[in-house]
Amino acid sequence: MRGANDRQIKITHKNTPAGGWGSVRSLANILRREGVALDGPRTLTAQNKPNGFACVSCAWPKPAQPHLFEYCENGAKATAWEITKHRITPAFFAAHGVAELRGWADHDLEQQGRLTEPMRWDAASDKYQPVSWQSAFEEIGRELRTMEPNQTIWYASGRASLEAAFMWALAARLYGTNNLPDSSNMCHESSSVGLKESIGVPVGTTVLDDMEHTDCILYFGQNPGTNSPRALHPLQAAHKRGVPIITFNPIREPGLEYFSNPQSPIDMLVKAPTPISSRYHQVKLGGDIAAIMGIIKALIASDDGAAKTGGAAVLDHAFIADHTSGFDRLAEHARTIAWSALETRSGLSQTIMEATAAIYAKSHSVIAVYGMGITQHRAGVEAVQMIVNLLLLRGNIGKRGAGICPVRGHSNVQGQRTVGISEKPALVPLDKFAKRYGFEPPREVGLNTVDACEAILSHRIRAFLMLGGNFVRAVPEREAIEMAWSRLRLTVNIATKLNRSHLVHGEISYILPCIGRIEIDRQVSGSQAVSIEDSTSCIHGSRGVRRPASSHLRSEPAIVAGIANATLDANPKIDWDGWVDNYARIRAEIGAIYPDFADMETRMWQPGGFRRNIPASDRVWNTDTGRANFINPQSVEEDLDTAKGDRDILTMMTIRSNDQFNTTIYGYDDRFRGIKGTRMVVLMNRDDMARLDLDEGIEVALATATEDGVSRRMSGFRVTGYDIPSGCVATYYPETNALIPLWHYASRSKVPAAKSIPIRIVRIV
Ligand SMILES: Nc1nc2c(c(=O)[nH]1)N[C@H]1C(S)=C(S)[C@@H](COP(=O)(O)OP(=O)(O)OC[C@H]3O[C@@H](n4cnc5c(=O)[nH]c(N)nc54)[C@H](O)[C@@H]3O)O[C@H]1N2
Ligand SMILES: Nc1nc2c(c(=O)[nH]1)N[C@H]1C(S)=C(S)[C@@H](COP(=O)(O)OP(=O)(O)OC[C@H]3O[C@@H](n4cnc5c(=O)[nH]c(N)nc54)[C@H](O)[C@@H]3O)O[C@H]1N2
Ligand SMILES: [Mo]
């Protein structure tokens, strides 16, 4: 095994621009490592192409006119990871017991390659042993039939197709539960809750075309260089058009500073990367609400001034009058709040907030883009709504070149919610399900991710079924969760790669390996296509191009059908096997329940996909007031996350490196941030280091600074000086998830507040 000790650690303290030769080299290395250096590049040419496959990495939209190579470094890495030549066979599990594998690093587990056969954990030998699909389904069905439906959880990570997701949600409801949490509960649920209240849709309002027609882009807490690199193309184009791009982020993310397009020979040769952000403001962690309030305060002051002097209005009063509700309360709040409070909380000066307001006011059409830096705080929902407030002031929703753009994570996470994976029955057309399939769906609210963790900790759950993902690694409170997990009666993991969740298992545990989206999915009626919905609500067809990693694999729809057949009573209106024979039949069912999806069979092949109806994009507001709501935030000055007054308590964000996809760790380098060979760093402001007497490079422990009687502590972090606001630190996710209390989440959305964990640095003596 490759151990941490064999790696050379090198920290250069230098940011590298996104893209460029570094990106080309990094991709070549990974293709070589996965054994696909020769045929991998051909597969990549089908990525995000009409009639090709939709990238398995992020959810950034796929343009109608794709580039010759419509993929980025990280999308290509995700492809290489899935099409790897490496395999985990039953011989691997015979050689390595589960207790031993639990000691392996996450990277090493997934690096073993694709899972190839269904496996069942054998208690006597503590090993996973091969099992037939039939007996796997029979035992799972037998067990589930003995349980109360609400004692089971049907989790989905956001990658599975619309077809698989629809079947998964339907199977869970026929079985009798709305316990359908998904990765979105840890991600953009703050958007789903916040946007629904503000503008009546739980999703963004922009499409790619808006990027081409915008006059100004505001970027809050999202890191496109690493997490949605194809966004750098439209950003680069916008920059070249002279569009101001104003970024708010505690750290200077290289992808938001400079980009060298690896697909443009000129960019690569002239060696001068294009700047991306025209202004970069290093806001304090959780300081966005205050920063935006400052911008709003400046806008309202100018508008009030103009009203007095008879000058041109700064706000779009006609839009505010015709389309919105709640303006006066917000305006009053902005007028009265003190600049000093806003400066302290945001870490930005009044001048910066006023200058941003001036640029915003000059721009006809403004887009606000955001990500986890906004949603993963205790006030995550309010932060989302604050961005909407800013946009509404000048009618920047529902006009070309403007709108709100949450950047979703997993490639189909938004789509899974659209077709029924939700713990909230109010969001699902249950009556239609009841009518079409002749059953009474459960009506009570199910468990979201945090609730599911609580229920597991209090031993109320007997079975956990996982359609993709790595739940135990992704959630907070890792130690307690791992301990409680082994008390589960049944754990079922539908997966492509081995991960920690498979090793921390229940009394009966199965690994059910599935084919990936890049692979050819052959069923009775021939090779099948699937579909996904991107961050801009466009639905795309996707067709695999590679031979499956093993002949024993089954598709996700086939596995869901296997579990459903073994668990549920026969239903004459549902032909699980027939649906699997021909996925067009599943799409017909989706279309029958969700009218937006009618005729998706042909429309999903339209270049750029087809867009669902998003009423807010047309200024139709499905909210409680029938208008777009300005929502006045409660917590502008207050820091909900970290106790005030104690300067030894720092606020920690957990971030992604350039070499990972969530809990999948491709490697130990973060090229963009100049960190090589390790992920066990704590990035700190140098003044804080001096104040706390911490030298560069020393090893420290981190302890969660909460007073709930639980001690959460991890050691082995290397102090690393970094350009980050004082009082803030950064570590990598998922390593530090053990430090996040389960109760530390966004109010109302319950998204774990993974970007604002109060911690203390503990010297090791
Ligand atoms: N290659 C790759 N691609 C991915 C993923 C991956 O792991 N690897 N993950 C996918 C998934 S599921 C998701 S959800 C997305 C995640 O994509 P992002 O939303 O970019 O998530 P993070 O990497 O967690 O980074 C959040 C950014 O917010 C900043 N930030 C943190 N706190 C604050 C704050 O209080 N205010 C502001 N303004 N900024 C803040 C951080 O510095 C960082 O730049 O990416 C998806 N795409
Ligand atoms: N501290 C901290 N915690 C976080 C976050 C953070 O920023 N900080 N981010 C949160 C976010 S935004 C998210 S989305 C969650 C992610 O949580 P999850 O979605 O649960 O985790 P992933 O790491 O994306 O799941 C990886 C696993 O998915 C399986 N897989 C990959 N492809 C497929 C496929 O095609 N089919 C199937 N069936 N399985 C597949 C593989 O076995 C792989 O091991 O983590 C959250 N946790
Ligand atoms: Mo995510």
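Here the structure is a predicted model, which means the values were calculated and not measured. (Residues numbered from 1 in each chain as written. Chains lettered and ligands numbered in written order. Predicted model: local features only at pLDDT ≥ 70, side-chain atom pairs only at ≥ 80, totals over all residues. Heavy atoms only, no water.)

**Thoughts on the domain arrangement of the chain**
Thought 1: Here the chain is described as being made up of domain 1 (4-82), domain 2 (90-187 + 413-607), domain 3 (196-411) and domain 4 (650-763).
Thought 2: For domain 1 versus domain 3, the distance between C-alpha centres works out to 29 Å.
Thought 3: When domain 1 packs against domain 3, the two sides together hide about 2100 Å² of surface, and 63% of this comes from carbon and sulfur.
Thought 4: Linking domain 1 to domain 3 there are zero salt bridges.
Thought 5: Between domain 1 and domain 3 we count five residue pairs in polar contact (both at pLDDT 80 or more) in total.
Thought 6: Counting residues per element, the ones that place at least two in the side of domain 1 that touches domain 3 are β2 (18-19) and α1 (20-33). (Domains from an automatic or database assignment. Buried area = accessible area lost by both parts, 1.4 Å probe. Salt bridge = Lys/Arg side-chain N within 4 Å of Asp/Glu carboxyl O. Polar contact = N/O pair within 3.5 Å; in protein donor to acceptor, adjacent residues only side chain to side chain. Helix = DSSP H or I, 4+ residues; strand = E, 2+ residues; numbered from the N terminus.)

**Description of the nonpolar core**
Thought 1: Judged by nonpolar contacts, the single largest core of 62 residues is most densely connected at Leu144, Trp154, Phe166, Trp168, Leu512, Ile563 and Trp576.
Thought 2: Examining the composition of this core, we find that eleven residues originate from one element, helix α8 (residues 162-175), more than from any other.
Thought 3: Beyond its immediate chain neighbours, meaning those up to four positions away, Trp576 contacts Met167, Leu170, Ala171, Leu174, Ala561, Ala564, Asn565 and Leu568.
Thought 4: If you look at the next biggest cluster of nonpolar residues, it comprises 58 residues, including Ala290, Val314, Ala334 and Leu342. (Core = buried A, V, L, I, M, F, W, Y, C linked by side-chain atoms within 4.5 Å. Buried < 20%, exposed > 50% of the residue type's maximum accessible area, 1.4 Å probe, protein only. Contact = heavy atoms within 4.5 Å.)

**Describing the site of ligand 1**
Thought 1: Around ligand 1, the structure places 29 residues, and the nearest of them are Glu253, Gly286, Asp288, Gln660 and Asn662.
Thought 2: At a separation of 2.8 Å, an oxygen atom of ligand 1 approaches a polar backbone atom of Asn223.
Thought 3: In the model, an oxygen atom of ligand 1 is placed 2.7 Å from a nitrogen or oxygen of the Asn227 side chain.
Thought 4: Starting from 920 Å² of accessible surface for ligand 1 in isolation, the protein chains cover 99%.
Thought 5: Here the shell around ligand 1 is built from residues that sort into ten nonpolar, 15 polar and four charged.
Thought 6: Shared between two domains, the shell around ligand 1 takes at least three residues from each, and those domains are domain 3 (196-411) and domain 4 (650-763). (Near = heavy atom within 4 Å. Areas by Shrake-Rupley, 256 points an atom, 1.4 Å probe, with all protein chains shown as cover. Nonpolar A, V, L, I, M, F, W, Y, C, P; charged D, E, K, R; others polar.)

**What to know about the sheet that holds strand β20 (residues 526-533)**
Thought 1: Taken together, the four strands give an open sheet; going across it, the order is β19-β20-β21-β22, and neighbouring strands pair in antiparallel fashion. What marks the edges here is a single partner per strand, and that holds for β19 (521-523) and β22 (610-611).
Thought 2: Strand direction decides the pairing type here: β19 and β20, joined by three bridges, are antiparallel. Bridged to Gln523 within β20 is Gly526.
Thought 3: Its contacts with the sheet place α8 against β20 and β21 (538-543), and it is angled at close to 80 degrees to β20.
Thought 4: Sitting on the sheet, helix α30 (residues 583-593) is in contact with β19 and β20, with an inclination near 30 degrees to β20. (Pairing = 2+ DSSP bridges. Axes fitted to C-alpha atoms, helices over the stretch in contact; angles between N-to-C directions.)

**A look at helix α7 (residues 133-145)**
Thought 1: Relative to the 18 Å expected for 13 residues at 1.5 Å per residue, α7 spans 18 Å between its end C-alpha atoms, a close match to the ideal helical length.
Thought 2: Buried within α7 we find Trp133, Ala136, Phe137, Glu139, Ile140, Gly141, Glu143 and Leu144. (Expected span 1.5 Å × (residues − 1).)

**Re the sheet that holds β2**
Thought 1: Spatially, β2-β10-β11 is the arrangement adopted by the three strands of the open sheet, whose pairing is mixed. Each edge of the open sheet carries a strand with a single partner, namely β2 and β11 (274-275).
Thought 2: Here β2 pairs with strand β10 (residues 258-260) via two bridges, running parallel. Following the sheet pairing, Gly19 is matched in β10 by Ser260.

**Observations concerning the packing of helix α15 (residues 288-309) against helix α21 (residues 380-393)**
Thought 1: Contact geometry of α15 with α21 gives a least axis separation of 9 Å together with a crossing angle of 20 degrees. Classified by the angle between their axes, α15 and α21 sit roughly parallel to one another. In terms of crossing hand, the pair formed by α15 and α21 is left-handed. Residues Ile289, Ile292, Met293, Ile295, Ile296 and Leu299 of α15 touch α21, and the partners they reach there are Glu382, Ala383, Met386, Ile387, Asn389, Leu390 and Leu393.
Thought 2: Its residues assigned to classes, the contact of α15 with α21 comprises eleven nonpolar, one polar and one charged. (Parallel < 35°, antiparallel > 145°, perpendicular 65-115°, else oblique. Left-handed = near helix turned anticlockwise from the far one by under 90°.)

**Some details on the site of ligand 2**
Thought 1: Around ligand 2 there are 31 residues in total, and Tyr155, Glu556, Thr663, Tyr733 and Asn737 lie nearest to it.
Thought 2: One of the side-chain N or O atoms of Glu556 is found 2.7 Å from a nitrogen atom in ligand 2.
Thought 3: The separation between an oxygen atom of ligand 2 and a polar side-chain atom of Arg656 is 3.0 Å.
Thought 4: Compared with its free state, where it exposes 930 Å², ligand 2 has 96% of that area covered by protein.
Thought 5: Split by residue class, the shell around ligand 2 holds twelve nonpolar, 13 polar and six charged.

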